[in-house]
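Breakdown of the fold
Here are the chains, one letter per residue:
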Amino acid sequence: MVHIYKPEFVQHDGGSPIFSVDCHPDGTRMATAGGDQKVKVWNLASIKDRSVEGDPNVPQILATLSEHFNTVNCVRFSKNGQFLASGSTDTNVFLYEKRAGPGRAAFGSSDAPNVENWVSCQTLRGHLSDVIDIAWVPDDSMLASCSLDNLVIVWDPRTGQKVQTLKGHTSFVKGVAWDPIGKYLCSQADDKSVIVWNDATNEPVAKLAGHSLDVTAVCVMRDGTIVSGAMDKSIR
């Protein structure tokens with residue numbers, strides 16, 4: 001049986017919409033991206049066990065990250081859980097690293113001091129329009145981002161430098177997904193297509209164009225099967 005629980009304390013400033021949610025690999029935290037230009041990291045203990053929801057010794061929010069200056073559209077934890085990436089309408093991707101010690105309040109912020117010490121460690125600049133989705137390669141050595149500028153950019157998160165800019169879509173790119181071994185990268189767009197890119201050559205190896213309307217979702221299954229959904233109400 002599926003139980004549905006909506007924790008009332010999980011919200012962004014002023015009731016701003018939440019555009020993305022991602023859970024930490026160890027299942028202890030989740031991150032949300034909001035229309036208030038913030039990323040928030042939440043303690044899942046209060047959600048998993050409602051008996052401690054009001055316990056002052058169990059913090060509900062672990063960090064509020066305020067580096068973006070426009071709507072935050074997506075958040076993704078790295079596979080090792082040490083880093084958190086966020087993409088925004090401000091065209092930037094920020095990388096945060098969880099470091100030792102307690103957090104602190106951002107300068108000039110009215111938010112409570114952070115419990116955990118998530119520190120901005122890289123700013124990835126290169127897109128010309130809203131960043132809509134981001135995806136870590138399985139070994140965390142690269143990060144892909146996509147944007148309304150019709151581009152996919154692959155980054156080296158250690159240096160903050162571009163590895164490659166992938167040009168192939170003719171409309172807004174709204175999703176990216178790596179295959180389970182990190183050899184191929186899939187991107188979906190409003191041009192009704194999914195492009196499969198070879199990580200080694202950065203060249204497209206296939207363009208899947210079976211949908212009749214904008215592609216709204218893409219994922220790669222563990223066996224390598226690519227699944228896409230679109231506004232034509234079909235899944236392929």
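Preceding this section is the structure that the text describes.
Our subject in this report is the structure included herewith. (Residues numbered from 1 in each chain as written. Predicted model: local features only at pLDDT ≥ 70, side-chain atom pairs only at ≥ 80, totals over all residues. Heavy atoms only, no water.)

1. Let's talk about the sheet that holds strand S9 (residues 131-136)
Applied cut-off: Pairing between two strands requires that DSSP report at least two bridges joining them. A run of H or I in DSSP counts as a helix once it spans at least four residues, and a run of E counts as a strand once it spans at least two, with each numbered from the N terminus. To define axes, lines are fitted to C-alpha atoms, for helices over the stretch in contact only, and angles between the resulting N-to-C directions are given on a 0 to 180 degree scale.
Strand order in the open sheet formed by 4 strands is S9-S10-S11-S12, and the pairing between neighbours is antiparallel. If you trace the sheet from one side to the other, it starts and ends with S9 and strand S12 (161-167), each paired once. Between one strand axis and the next, the sheet turns by 20° as a mean value, whatever way the strands run. Sheet topology note: the strand S11 (residues 151-156)/S12 ladder contains 6 bridges and is antiparallel. From the neighbouring strand, Val152 faces S12, where its bridge partner is Leu166.

2. Quick notes on the state of the cysteines
Put plainly, two cysteines are in a disulfide when a covalent bond ties their sulfur atoms together. Operational definition: When the sulfur atoms of two cysteines come within 2.5 Å, that pair is taken as a disulfide. For every residue, the accessible area (1.4 Å probe, protein chains only) is compared with the maximum for its type, and the residue is labelled buried under 20%, exposed over 50%, or partly exposed between those bounds.
For the structure shown, the criterion picks out 0 disulfides. Distance from the sulfur of Cys74, which forms no disulfide, to the nearest cysteine sulfur (Cys146) is 7.3 Å. Classification of Cys74 by relative accessible area gives buried; the value is 1%.

3. What to know about empty space enclosed by the protein
For the record, the criterion: Lining residues are those with an atom within 4 Å of a point, where the points come from a 1 Å grid over the protein atoms alone and group into cavities, where a 1.4 Å probe fits but cannot get out, or pockets, open sets with protein on both sides within 12 Å along at least five of seven lines. Grid points are joined across faces, edges and corners, and a volume is the space filled by probe spheres set on the points. Under the grouping applied here, Gly and all other residues not named as nonpolar or charged are polar, the nonpolar ones being Ala, Val, Leu, Ile, Met, Phe, Trp, Tyr, Cys and Pro and the charged ones Asp, Glu, Lys and Arg.
Taken as a whole and judged by the stated rule, the model has 1 cavity of 30 Å³ or more. In this structure, the largest cavity spans a volume of roughly 40 Å³. Contributing to the lining of the largest cavity are Val154, Leu166, Trp178, Leu185, Trp197, Asn198, Asp199 and Asn202. Taken together, the residues of the lining of the largest cavity break down into 5 nonpolar, 2 polar and 1 charged.

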